[in-house]
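Inside the fold
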Amino acid sequence: MSAFGGKADIESSLNEPRLNRYDARSFRRAGSQMRRREFISLVGGAAVVYPLTAHAQQPAMPVIGFLNVASAKDYAPQLSAFLKGLSEAGYVDGRNVAIEYRWADGQHDRLPAMAADLVHRQVAVIAATTTPAALAAKAATTTIPIVFELGSDPVRLGLVASFNRPGGNVTGATQLNLQTAPKGLQLLHELLPAVSVIALLVNPANRTVTETNTKEVQAAARALGLELHVLNASNEDDFDAIFAKLIQLRAGGLVIGGGPLFASWSERLAALTVRHAVPAISPYRKFAVAGGLLSYGSAIEEAYRLAGIYTGRILKGDKPADLPVQQATKTELYINLKTAKALGLTVPEGLLNAADEVIE
């Protein structure tokens, strides 16, 4: 209803006779009272309407596209670290930011379509964690900001122009798991000084990571005078055949390369090394916890936390080109002493003292 009365009231007032002076004064007093009531009513109505209008004018919640080649259950600690970094930057999923998750479950060929879908949805930023995801995101857009987390050299991969000046729409955080593979070979050799034949396990589907990993470990093997055999596993179904090949080659030890496949299946790989009594080293802590002999690699969760912080900063307006690539430089050594004893190995005192954790 209008504040000035309905149509019937207006027509009625037009048909009434002219008022005398007394009636006019009464009408003015009545009209004054009516206007006061109408004013209070309008003010009360405004109090109701105002919050609704303010709510409608709130900006839309920004959306992050999270892209990863592995699965959510296998990368739960890393995702938790990413969300921690995001919260440090002032953003909490479901409160002031939304996250669209895309997990490829180890199927690399799904990544291009997933990245293209996130671009189509016009997310505010893409968090491309793992090297394959970062490469797919980079190929999908040159405008939407991308924050990567990976264990490779982003300059060599063509993701950024340099660590200090990334340029373009891409920046992120790296960890050292590829660089730690040669050191892992040295640690295994220290435990197995009489062994001359070693195998390296890599994933050919992760071509860029595999090429770098293989070259660096081959160079370290030559320096140590070791014979190195490179074995390929593209998925977990290849693992049993790998261990049969190890026996055939009479390899005395195994270096497990970096990458999402081997991170996701660390427990199964550890179980196979125990079953076949193969001394082995992996970049991932959960390998040693599950019974593998050694793990040596970067603190991956720290790189994910740094990526989460950068994602939040970009949501606040920072440009990827202005954010230098961060490096998580901490490395961790874990020794499963129970497994070493079962294999009949004596761990040098210096190695035990250098370990971040000795599992007994």
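Numbering of residues starts from 1 in each chain and follows the order in which that chain's sequence is written. Reporting of local features is limited, given that this is a predicted model, to residues whose pLDDT is at least 70; pairs of side-chain atoms are given and counted only at 80 or more, and all residues count toward the totals for whole chains, interfaces and linings. Side-chain numbers come from the whole structure's heavy atoms, not from hydrogens or water.

1. Observations regarding the overall build of the protein
Secondary structure follows DSSP: runs of H or I at least 4 residues long count as helices, runs of E at least 2 residues long count as strands, and numbering of each begins at the N terminus. Counting secondary structure elements, the protein contains 14 helices and 13 strands. Counting all 360 residues of the protein, 46% fall into the buried class. Carbon together with sulfur atoms contributes 54% to the accessible area of the protein, which is approximately 18,400 Å² in total. Only protein chains enter the accessibility calculation, which uses a 1.4 Å probe; a residue whose area is less than 20% of its type maximum is buried, one above 50% is exposed, and one in between is partly exposed. Surface accessibility in these figures is a Shrake-Rupley result with a 1.4 Å probe; residues are shielded only by whichever protein chains are displayed.

2. Looking at the sheet that holds strand E6 (residues 197–202)
Pairing between strands requires that DSSP locate at least two bridges from one strand to the other. One open sheet accounts for seven strands, arranged E7-E6-E8-E9-E10-E12-E13; its pairing is mixed. Of all strands in the sheet, those with a lone pairing partner are strand E7 (227–232) and strand E13 (357–359), marking the two edges. Strand-to-strand, the axes of this sheet are offset by a mean angle of 20°, without reference to chain direction. Angles run from 0 to 180 degrees between N-to-C directions of axes, and those axes are lines fitted to C-alpha atoms, restricted for helices to the stretch in contact.

3. A few points about helix H7 (residues 207–224)
Expected span of a helix: the number of residues minus one, times 1.5 Å. Its 18 residues give H7 an end-to-end C-alpha distance of 26 Å, which sits within 8% of 26 Å, the value for a rise of 1.5 Å per residue. Immediately beyond the C-terminal end of H7, within one or two residues, lies Gly225, with a positive phi of roughly 75°.

4. As for the pairing of strand E12 (residues 331–336)
Of all six residues in E12, five are buried, a share of seventy percent or more. With five bridges joining them, strand E10 (residues 294–298) and E12 adopt antiparallel strand pairing. Its bridge partner being in E12, Gly297 is matched across the sheet by Glu332. The pairing of E12 with E13 spans three bridges and is classified as parallel. If you follow Tyr334 over to E13, its bridge partner there is Glu357.

5. Notes on the packing of helix H4 (residues 111–120) against helix H5 (residues 131–140)
Contact geometry for H4 and H5: axes closest at 9 Å, N-to-C directions at 50°. Relative to H5, the element H4 lies oblique. In this structure, H4 crosses over H5, and the sense of that crossing is right-handed. In this structure, H4 contributes Leu111, Pro112, Ala115, Ala116 and Val119 to the contact, and H5 contributes Pro132, Ala133, Ala136, Ala137 and Ala140. We call Asp, Glu, Lys and Arg charged. Ala, Val, Leu, Ile, Met, Phe, Trp, Tyr, Cys and Pro are nonpolar, and the rest, Gly among them, are polar. Classifying every residue of the contact of H4 with H5 by side-chain character gives ten nonpolar, no polar and no charged. Throughout this description, any angle smaller than 35 degrees is read as roughly parallel, any larger than 145 degrees as roughly antiparallel, any in the 65 to 115 degree range as roughly perpendicular, and the remainder as oblique. Crossing handedness: left-handed means the near helix sits turned counterclockwise from the far one by under a right angle, and right-handed means the same turn made clockwise. Pairs of residues are marked as contacts when any of their non-hydrogen atoms sit within 4.5 Å.

6. A few points about the packing of aromatic side chains
Each aromatic pair joins two rings of Phe, Tyr and Trp (for Trp, the six-membered one) with centres within 6.5 Å, and gets the label stacked for planes under 30 degrees apart, edge-to-face for over 60, and tilted for any other angle. Using the criterion set out here, one finds six aromatic pairs in the structure. The interplanar angle of 65° and the centroid separation of 5.2 Å between the aromatic rings of Phe66 and Phe82 together place this pair among those described as edge-to-face. Here Phe82 lies in helix H3 (residues 76–88) and Phe66 lies in strand E1 (residues 63–68), a separation of 16 residues in the sequence. Each member of the pair, Phe66 as well as Phe82, is classed as buried. Considering the side-chain rings of Tyr101 and Trp103, the 6.5 Å spacing of their centres and the 10° angle between planes classify their relative orientation as stacked.

7. Overview of the side chain of Gln175
Topologically, Gln175 is positioned in strand E5 (residues 170–175). A residue is classified by how much of its surface remains accessible, and Gln175, at 6% relative accessible area, is buried. Each polar contact in these results corresponds to two N or O atoms within 3.5 Å; when the atoms are within protein, one needs to be able to donate a hydrogen and the other to accept it, and residues that are neighboring in sequence are counted only if both atoms are side-chain atoms. Of the polar contacts made by the side chain of Gln175, one reaches the side chain of Glu149; its length is 3.1 Å. If we ignore the near neighbours within four places in the chain, the residues touching Gln175 are Glu149, Leu150, Gly151, Ser298, Ile300, Ala303 and Ala328.

8. Brief notes about the environment of Leu323
By the element assignment, Leu323 lies in the loop between helix H12 (300–315) and strand E11 (326–328). Its relative accessible area of 3% is what places Leu323 among the buried residues. Separated by 153 residues in the primary sequence, Leu323 and Val170 have C-alpha atoms spaced 9.1 Å apart. Not counting chain neighbours up to four residues away, the residues in contact with Leu323 comprise Pro166, Thr171, Tyr310, Arg313, Ile314 and Asp318.

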